[in-house]
Amino acid sequence: MSEQQIKITLAQLNPTVGDVTGNAAKARAAREKAKADGADLVVLSELFVAGYPPEDLVLKPAFQSACRAAIEELARETADGGPAMLIGTPWVEDGKLYNACALLDEGRIAALRYKANLPNYGVFDEKRLFARGPASGPVTVRGVRIGVPICEDIWLEESEEYENVVECLAETGAEILIVPNGSPYARDKADLRLSIVVARVTESGLPLIYLNEMGGQDELIFDGASFALNADLSVAAQLPAFEENITTLIWRKTADGWRCNGPITPQLEGDKADYAACVLGLRDYVRKNGFPGVLLGVSGGIDSALCAAIAVDALGADKVRGVMLPFRYTAQVSLDDAAMLATALGIRYEVLPIADAVNGFEAILAPVFKGLERDITEENLQARARGTLLMAISNKTGAMVVTTGNKSEMSVGYATLYGDMNGGFNPIKDIYKTEVFRLSSLRNAWKPDGALGPSGEVIPVNIIIRPPTAELRENQTDQDSLPPYDVLDAILERLVEREEPLATIIAAGFDRDVVTRIDRLLNIAEYKRRQAAPGVKVTRKNFGRDRRYPITNRFRDFGQALPEPDDKLVTRTSRASAEAFEG
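Just so it is clear, the structure is predicted and the values come from calculations on it, not from any experiment.

Parameters at a glance
Residues numbered from 1 in each chain as written. Predicted model: local features only at pLDDT ≥ 70, side-chain atom pairs only at ≥ 80, totals over all residues. Heavy atoms only, no water. Helix = DSSP H or I, 4+ residues; strand = E, 2+ residues; numbered from the N terminus. Rg over C-alpha atoms; globule rule 2.2 N^0.38 Å. Buried < 20%, exposed > 50% of the residue type's maximum accessible area, 1.4 Å probe, protein only. Contact = heavy atoms within 4.5 Å. Areas by Shrake-Rupley, 256 points an atom, 1.4 Å probe, with all protein chains shown as cover. Lys, Arg positive; Asp, Glu negative; His and termini not counted. Charge placed at Lys NZ, Arg CZ, Asp CG, Glu CD. Pairing = 2+ DSSP bridges. Axes fitted to C-alpha atoms, helices over the stretch in contact; angles between N-to-C directions. Polar contact = N/O pair within 3.5 Å; in protein donor to acceptor, adjacent residues only side chain to side chain. Phe/Tyr/Trp six-rings, centres within 6.5 Å; stacked < 30°, edge-to-face > 60°. Salt bridge = Lys/Arg side-chain N within 4 Å of Asp/Glu carboxyl O. Expected span 1.5 Å × (residues − 1). Arc of directions from axis to C-beta. Core = buried A, V, L, I, M, F, W, Y, C linked by side-chain atoms within 4.5 Å.

Asks: Break down the overall build of the chain for me, with residues and values.
Replies: Assigned secondary structure in the chain consists of 17 helices and 19 strands. A compact globule built from 583 residues would reach a C-alpha radius of gyration of about 25 Å, and the chain, at 27 Å, matches this within 12%. Taking the principal axes of the C-alpha coordinates as reference, the chain spans close to 85 × 65 × 45 Å. A buried classification covers 53% of the 583 residues belonging to the chain. Excluding contacts between residues fewer than 6 apart, the proportion of contacts in the chain whose partners are at least 24 apart in sequence is 74%. Carbon together with sulfur atoms contributes 53% to the accessible area of the chain, which is approximately 25200 Å² in total. A gap of 3 Å separates the mean positions of the 65 positive and 82 negative side-chain charges of the chain.

Next up, the structure:
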């Protein structure tokens, strides 16, 4: 390093939770690339050696020891005179477990910094896993004082529990801030991250590097999209989203402090980012869990068509198998559209009629159902026969079943347990039906970089424009049972994402009877959602990781105006007691 510059390599990589050896190997390879670039420091993301988020795995003593041993080995390797390494790891000190970042240099662990602000909202449960670390001063790399706030250390708003880590670092002489992150993707998250970083840079007057994890971990998607801001808030560098990337930045000392002019990659936004997240989520779930490929029921409908396109983009056509499972209510147009889809995507495709199975179930049940009217029970036998056959193929071949229900259906229970809900993973679980239509049209005109599927129209237009139907009875359409999807999704977004009272939704112009009915369906379908496959999270509040309602729950909002709270009933003593309890 010359006196006036420092080279910092950002390693935006895709770790696997629990694969300590593999993650360490990735870190080692990144350091070799940094060394070839003449870098002084290589930076990896939050808890990188463990994979993020490790959840309760991190409480296992054997896992803690494995992570420590990997860090110590990486530290010894830095005796070669190459770049220092800043890497996230769980760390046990004095009987306490910390979310830590280790600086490895000159053959030793030169410094450790601990996360002070532990998130405990949404998808995060870090307060039950880690001890809170103290606010500490910067670490020194080649004579430059580097502040290392870890993820949430720059995110929390001011509060009694908030430790102003950035302020502490600025006051103790930090020259550059480097923030290792495990920040999951959600729609419009990039704007939120930028606003947070702008606030910290403005407060501290220091340039900031935001290094984020990339990759899928169960339902969470880490989009990378790492970036850096100069102290004057200009963009110093922007890494790509949804792909691994190793970039070395040259920071130069000026009269106004450290400054960088690095590469700036255009970012995906809106529906394109959502689609790329769905592809990455399915790809990593399949690959990291060792499935040889996937299969799915191809009905000729739009949900299965979009899932098939996502699967091919994620894994390649040779890893995807489509199965059409027709019954007497399956229209010829559905058979034709499903075959066209399979041909356009280039996937293996077969037709397995289910009449014998459904008729067999009905014959077995005839004595039990004698004297009872035919109803939805018989309709569901079709879905369950299909689910059984798909799972049988999965058992025989090892391929994972992709389930294809959208968020609108999952919200109101418009799905059959042990039928169309069967499967190992759902790439569109957090995508509303109106968004399914948009993403399908989008995919016919565009595909993300790195997608393995063909370009051009892969979802027949007739699938997109045809009225959706489950085809469980004659001339059935979804709108026989549900309001129009644009109305349904608008109500659901207010109920699920915003948690709005029914009175507020009704006051916004929605029909009272429709709103109360949808709210009832949302409540009673909780038991189904608990048994649904995991799926990609793209919204602010998905089912499972974010929205965790009790199954047994008698509270109902009947859409009446909300009463004003009577503060006179709350004495100063009881208010103080309540606050103490909450803390």
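Asks: Provide a residue-level description of the pairing of strand β8 (residues 176–181), including the pertinent values.
Replies: Burial within β8 is extensive, with six of its six residues counted as buried. The alternating pattern of β8 places I176, I178 and P180 and L177, V179 and N181 on opposite faces, both of which are buried. Bridging between strand β7 (residues 144–147) and β8 involves two bridges; their strand directions are parallel. Looking across to β8, one finds that I146 is bridged to I176.

Asks: A description of the sheet that holds strand β5 (residues 108–114) should follow, citing residues and the corresponding values.
Replies: Judged by pairing direction, the sheet is mixed, and its seven strands sit side by side in the order β5-β4-β3-β2-β1-β14-β15 without closing on themselves. Sheet topology places β5 and β15 (257–260) at the edges, where each strand pairs with a single neighbour. Averaged over neighbouring strand pairs, the angle between their axes works out to 35° when direction is ignored. In this structure, strand β14 (residues 245–254) lies alongside β15, joined through four bridges in antiparallel fashion. Considered in β15, the bridge of T254 is made with G257. Its contacts with the sheet place helix α2 (residues 61–77) against β3 (84–93), β4 (96–105) and β5, and it is angled at close to 150° to β3.

Asks: Give a description of the sheet that holds strand β12 (residues 227–229) that names residues and reports values.
Replies: Strand pairing in a sheet is mediated by backbone hydrogen bonds. Such pairs are either parallel or antiparallel. The six strands are arranged β6-β7-β8-β9-β12-β13 in an open sheet whose pairing can be described as mixed. The open sheet has two edge strands, β6 (139–141) and β13 (235–238), and neither has a second partner. Averaged over all adjacent pairs, the angle separating strand axes in this sheet is 25°, with direction ignored. Against the sheet, helix α4 (residues 189–204) engages β8, β9 (208–212) and β12, with an angle of about 30° to β12.

Asks: Could you give an account of the side chain of D284, naming the residues involved and the relevant values?
Replies: You can see D284 is positioned in helix α5 (residues 270–288). At 2.7 Å, the side chain of D284 and the backbone nitrogen of G216 are in polar contact.

Asks: For the packing of aromatic side chains, give the residues involved together with the corresponding values.
Replies: Under the defined criterion, the tally for this structure stands at seven aromatic pairs. On the basis of an interplanar angle of 70° and a centroid distance of 6.0 Å, the ring pair of Y52 and F222 is categorised as edge-to-face. One end of the pair, Y52, is in the loop between β2 (41–43) and α2; the other, F222, is in strand β11 (residues 220–223), and 170 residues separate them in sequence. For the pair Y52 and F222, a shared accessibility class is recorded, and that class is buried. Between Y285 and F425, the aromatic rings sit 4.3 Å apart at their centres with planes inclined by 25°, giving stacked as the arrangement. A residue pair is termed long-range when its members are at least 10 positions apart, and Y285 in helix α5 and F425 in the loop between α10 (407–412) and α11 (433–445) qualify at 140 residues.

Asks: Could you give me a rundown of the pattern of salt bridges, with the residues and numbers involved?
Replies: With the rule as written, the count across this model stands at 34 salt bridges. Across the salt bridge formed by D271 and R438, the nearest N and O atoms sit 2.8 Å from each other. Placement of D271 in helix α5 and of R438 in helix α11 is noted, with a sequence separation of 167 residues between them. Residue classification places D271 among the partly exposed positions, given a relative accessible area of 23%. Among the residues examined, R438 registers a relative accessible area of 40% and is labelled partly exposed. Here K319 and D318 are joined by a salt bridge, their closest N and O atoms 3.3 Å apart. A single network of salt bridges, built from pairs that share partners, joins E493, R494, R498, E500 and R540.

Asks: A description of helix α7 (residues 332–345) should follow, citing residues and the corresponding values.
Replies: Side chains three or four residues apart in an α-helix point the same way, a direct result of the helix having 3.6 residues per turn. In this model α7 runs 20 Å from its N-terminal to its C-terminal C-alpha over 14 residues, within 8% of the 20 Å that 1.5 Å per residue would give. Among the residues of α7, those classed as buried are S334, D337, A338, L341, A342 and L345. Buried residues along α7 cover an arc of 135° about the axis, so they all sit on one side. Exposed and facing more than 90 degrees away from the buried side of α7 are Q332 and T343. Buried residues belonging to α7 abut α6 (302–315), β17 (320–324), β18 (348–351) and α12 (461–465). With its phi angle positive at about 75°, G346 sits one or two positions after the end of α7.

Asks: Could you give me a rundown of the nonpolar core, with the residues and numbers involved?
Replies: Formed by 52 residues in total, the largest nonpolar core has its most connected members in F242, Y275, L282 and I459. Counting only elements with at least two residues in this core, the list comes to α5, β16 (294–297), α6, β17, α7, α11 and α12. Here this core takes 11 residues from α6, the largest share from any one element. Among all residues touching F242, those that are not within four sequence positions of it are Y185, M214, I221, D223, L268, A273, A276, A277 and L280. With 39 residues, the next largest nonpolar core counts L13, V20, V49 and A75 among its residues.

Asks: An account of the environment of K433 is requested, with residue identities and associated values reported.
Replies: Within the secondary structure, K433 is located in helix α11. Each C-alpha atom, one on K433 and one on Y485, is 6.6 Å from the other, the two residues being 52 residues apart in sequence.

Remember, this is a structural readout, not a statement about activity or role.
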